[in-house]
Amino acid sequence: MDWDEVSKKLKRGLDVDRIKTRLQGGRKVNYIEGWDAIDTANEIFGWDGWQVATVEVVRSDHPFREEKASKEVGSPPIVVERTLYMAMVTIVVGEAVRKDVGVSVTTHDTPDSHDMAIKGAVTDALKRALRTFGPQFGNSLYEHEEGRQATLDPPVSRPKANEG
């Protein structure tokens, strides 16, 4: 692996086309998708230049309740029981080792819902561990002082496939 080339790629500004937005806790949050983080790691480190291992996945012993507004006016809120999953991953790139945790919750008490929550926790942990390598993995999207999201400096757009 050519570490000078890897370092240059890691320091590039985040391509604005890679940024997605969702509502979370009543506010807009910017993020990159899990598949995008994996593709970027393969591009920067080489598909055989990095490793990820899921160290642990833990299911909370204490489901929590969440109230959602009823669709019918005047009806009481709907109470939904959720289960939290936490995952820890380790990423190794050369001699650099990064670890982080991620969380996700079930939306229904079905096997598919629990499966999706486990995968979501692992993906969240993977993205959080990769972000320590810098802006290419969305580190510039994390909140900084006074609850504001960081600006993207400098934002970059990749050429479209047909633009060469």
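Here's what I pulled together on the structure shown here.

Conventions used here
- Residues numbered from 1 in each chain as written.
- Predicted model: local features only at pLDDT ≥ 70, side-chain atom pairs only at ≥ 80, totals over all residues.
- Heavy atoms only, no water.
- Core = buried A, V, L, I, M, F, W, Y, C linked by side-chain atoms within 4.5 Å.
- Buried < 20%, exposed > 50% of the residue type's maximum accessible area, 1.4 Å probe, protein only.
- Helix = DSSP H or I, 4+ residues; strand = E, 2+ residues; numbered from the N terminus.
- Contact = heavy atoms within 4.5 Å.
- Arc of directions from axis to C-beta.
- Polar contact = N/O pair within 3.5 Å; in protein donor to acceptor, adjacent residues only side chain to side chain.

### Some points on the nonpolar core
Point 1. By size, the foremost hydrophobic cluster in this structure holds 20 residues, and its most contacted members are Leu10, Phe45, Trp50, Ile91, Leu130, Phe133 and Phe137.
Point 2. For this core, the secondary structure elements donating two or more residues are helix H1 (3-11), helix H2 (34-45), strand E6 (84-93) and helix H3 (111-130).
Point 3. The contact partners of Leu130, leaving out residues within four places of it in the chain, are Ala37, Ala41, Phe45, Ile91 and Phe137.

### Some remarks on H1
Point 1. By the burial criterion, the buried members of H1 are Val6, Lys9 and Leu10. On an axial view of H1, the arc spanned by its buried residues comes to 100°, and they lie on one face. Every exposed residue of H1 that faces more than 90 degrees away from the buried side is listed here: Asp4, Lys8 and Lys11.
Point 2. Where H1 is buried, its residues touch H2.
Point 3. Looking at where H1 begins, the residue whose side-chain oxygen comes 3.1 Å from the main-chain nitrogen of Asp4 is Asp2.

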